[in-house]
Amino acid sequence: MSETVGSQRLAVRVAGRESGDVAAAARERADAPVVEAGSTGVPGVEPLLAASDGDETTFYANATPADAEAVADALAGDGALPDGDATVDTADAAALPLPDLDGFGAERSVLARCGWIAPTNPDAYADAVGFTDADPDAVVESAGGVLGRGWGDWSADEPVGPLWEGVRERDGSPAVVVNAHGNPGDALLGESDPFSVLEGAAHVARVVDAVQVFVYVSEDDEAARDALTAAADAYPDFPVDVSVVEGPAAYRAAEPTMAIEAVEGNHRLEARLRPPGPEVEGVFGEPTVVHTARTVAHVAAAVRGEPTDSRVLSVTGDADEATLELTADDALDTALDAAGVSDYTGVLVGGRFGGLTTDLDVTPTPDALDAADLGTDGVLEVLGPDACPVAFVGKRAQFAEDANCGRCVPCREGSKQLTELLRDVYEGSLDRPKIDELMRVMESSSVCAFGQHAPRPVRTGLQEFAEEFEAHAQGTCPAGQCLSDATGEEPARAKP
Ligand code: SF4
């Protein structure tokens, strides 16, 4: 039976990463089409079964094969659908209607198809939104003002148009790298709506007259790799060669120049010195555009004439993971409310090296996040109510020490010294001037964004949780967590 559902009124959809048994059970019994959609971005409710009957769709969270059989039998006969967890009007069913379940938020634009259509079926994408084939000038006009999303984007927080213009003006054989490595939002788009990622990449390729598109994924992200590969094979008339390339799962590998190194097949990933940037010397020395999957999905939306100021955010940490979308006017606490998080010590905003805060009355725009000293990588990492912020930032400093590429001294040696200075807090020594000066050097002298941002959890943590740091230096952990120190070693004297 066809998996193209589009606006058909009778259908069963099963969304989620582990949904095979539920889909199989539905298929066994259903007369209606059964669609295996990708993840919705809200793993806590998956498998999510959605039964459309007429103008309504009923959702069943954490569905079992028995739920699927009951739904299929109801749709096949005259009986009413079993009671679900949410029911939504779906008279126009091209996109996931937002069920009233924790984690979905109130807005979906670039995430609209995630968990609703069969991800790698081009007919499903064409039915839902259609493939757009705009000429380069029209793309620049409609999408040149889109802001790059994510630390793996060479236009991060800047309009993409000037980067395209720079590549366009150069001689050579330009390339486009879609960096889908290392951020839950990018991975979700790759897994659940790969055609929108590829469509955006195709637009950029036409604009810069690229000869090749590389889609770069983490080697531990099989779902995104498989979906993007299948979609690339099935894409109707993709304008240039497109390849999906895997790279190491290391966090730093998403840095734009390390992504280029990985695309070239280099095993030891180090950030490249700049200038020149990738727009001058990128993949195999050719001018290259590097955008994240979120960025190119927003480009595709802009070319379709949709608004593009929404922000994809992922709630992680001591919370059920959820990837959702906020408008530019929504405060960050809207995302936590949507994800059902109400009690926390603090939130690290903006990725692995974001800013630690308790004040989430901040909109998700780059300007507002910068003003609040928060990161813009679209991740809200929750520290639960029992978490110790001192231990948390200590571990984050140690992560920077362990995971940097080793290329430059400020990051390589600075992260080591920073970890030691934080360890000293447990010995009774909190040397703020020394810590502050070290962080200043790291932020101003490191070669790439990894080292430039690595001190931010510590710096913002020291500001937000000054009393907790003082208490640790005096031998007490207010959270009662520090039986061992921030690096996992037994402390000299810091006992709760
Ligand atoms: S900042 Fe860190 S990750 Fe970046 S080049 Fe320097 S050592 Fe490598």
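Notes on the structure in this doc start here. Just so we're clear, the structure is a prediction, and the values are computed from it rather than from any experiment. (Residues numbered from 1 in each chain as written. Predicted model: local features only at pLDDT ≥ 70, side-chain atom pairs only at ≥ 80, totals over all residues. Heavy atoms only, no water.)

With that out of the way, let us pick up the pairing of strand β5 (residues 86-89). Along any regular strand, the residues point their side chains to alternate faces of the sheet. Only one face of β5 is covered, namely the face carrying A86 and V88; the face carrying T87 and D89 is uncovered. Two strands pair when backbone bridges link them, and strand β4 (residues 56-60) and β5 are joined in this way by four bridges, in the antiparallel orientation. Following the sheet pairing, E56 is matched in β5 by D89. (Buried < 20%, exposed > 50% of the residue type's maximum accessible area, 1.4 Å probe, protein only. Helix = DSSP H or I, 4+ residues; strand = E, 2+ residues; numbered from the N terminus. Pairing = 2+ DSSP bridges.)

What follows concerns the site of the ligand. Near the ligand, the surroundings consist of 13 residues, among which C405, C408, C411, C448 and G451 are the closest. Here the shell around the ligand is composed, by residue class, of eight nonpolar, four polar and one charged. (Near = heavy atom within 4 Å. Nonpolar A, V, L, I, M, F, W, Y, C, P; charged D, E, K, R; others polar.)

Of the positions making up helix α18 (residues 466-473), those classed as buried are F469, A471, H472 and A473. Of the surrounding elements, those touching the buried residues of α18 are α13 (389-403), α14 (409-425) and α17 (456-464). At the C-terminal side of α18, G475 shows a positive phi close to 95 degrees. (Contact = heavy atoms within 4.5 Å.)

Next up on the list: the nonpolar core. Counting residues in each nonpolar core, the largest one holds 64 residues, and the members touching the most others are F59, W164, V176, V178 and V213. When residues of this core are assigned to their parent elements, the largest contribution, nine residues, is made by helix α7 (residues 194-208). Among residues more than four places away in sequence, those in contact with V178 are V197, A201, V213, F214, V215, Y216, H291, T292, A293 and V296. Ranked by size, the runner-up nonpolar core spans 55 residues in total, among them A253, A400, C411 and A473. (Core = buried A, V, L, I, M, F, W, Y, C linked by side-chain atoms within 4.5 Å.)

Along the chain, the position of T90 falls in the loop between β5 and α3 (122-128). A relative accessible area of 5% means that T90 is categorised as buried. At 2.7 Å, the side chain of T90 forms a polar contact with the side chain of T57. (Polar contact = N/O pair within 3.5 Å; in protein donor to acceptor, adjacent residues only side chain to side chain.)

A few words now on unusual backbone geometry. Leave glycine aside and you will find that most residues have negative phi; peptide bonds, for their part, are mostly trans. In this chain, E46 is followed by P47 through a cis amide linkage whose omega measures 0 degrees. In this fold, P47 is placed in the loop between β2 (34-37) and β3 (48-53). For the bond running from R274 to P275, omega is 0 degrees, close enough to zero to count as cis. Among the secondary structure elements, P275 is positioned in the loop between α9 (256-263) and β9 (288-292). Residue D157 is not a glycine yet carries a positive backbone phi of 65 degrees. Even without glycine at this site, D237 takes up a positive phi of about 60 degrees. Along the chain, the position of D237 falls in the loop between α8 (222-234) and β8 (241-247). When its relative accessible area of 72% is taken as the criterion, D237 is described as exposed.

Turning our eyes to something else, we now look at the packing of α13 against α14. Where α13 meets α14, the closest approach of the two axes is 8 Å, and the angle between their N-to-C directions is 155 degrees. Put simply, α13 runs roughly antiparallel to α14. Here the hand of the crossing between α13 and α14 comes out left-handed. Contact residues: V393, G394, A397, Q398, A400 and E401 in α13; S415, K416, L418, T419, L422 and R423 in α14. Here the residues of the contact of α13 with α14 are counted per class, giving five nonpolar, four polar and three charged. (Axes fitted to C-alpha atoms, helices over the stretch in contact; angles between N-to-C directions. Parallel < 35°, antiparallel > 145°, perpendicular 65-115°, else oblique. Left-handed = near helix turned anticlockwise from the far one by under 90°.)

Right, let's talk about the side chain of R456 for a bit. Relative to the assigned elements, R456 resides in helix α17. Buried R456, no salt bridge; nearest opposite-charge side chain is D373, N-O distance 4.8 Å. For R456, the contacting residues outside a window of four places in its chain are F353, G354, G355, D373, L374, G375, E443 and G461. (Lys, Arg positive; Asp, Glu negative; His and termini not counted. Salt bridge = Lys/Arg side-chain N within 4 Å of Asp/Glu carboxyl O.)

It is worth spelling out the pattern of salt bridges at this point. Within this structure, the stated rule accounts for 26 salt bridges. Among the salt bridges present, the one from E270 reaches R268, with a minimum N-O distance of 2.9 Å. Judged by relative accessible area, R268 falls into the exposed class, the value being 56%. A salt bridge links R294 to D377; its shortest N-O distance comes to 3.2 Å. Taken together, the residues R294 in helix α10 (residues 293-303) and D377 in the loop between α12 (366-371) and β14 (379-383) connect sequence positions 83 residues apart. The residues R294 and D377 share a single accessibility class, namely buried. In this structure, a network of salt bridges that share partners links the residues R29, E69 and D73.

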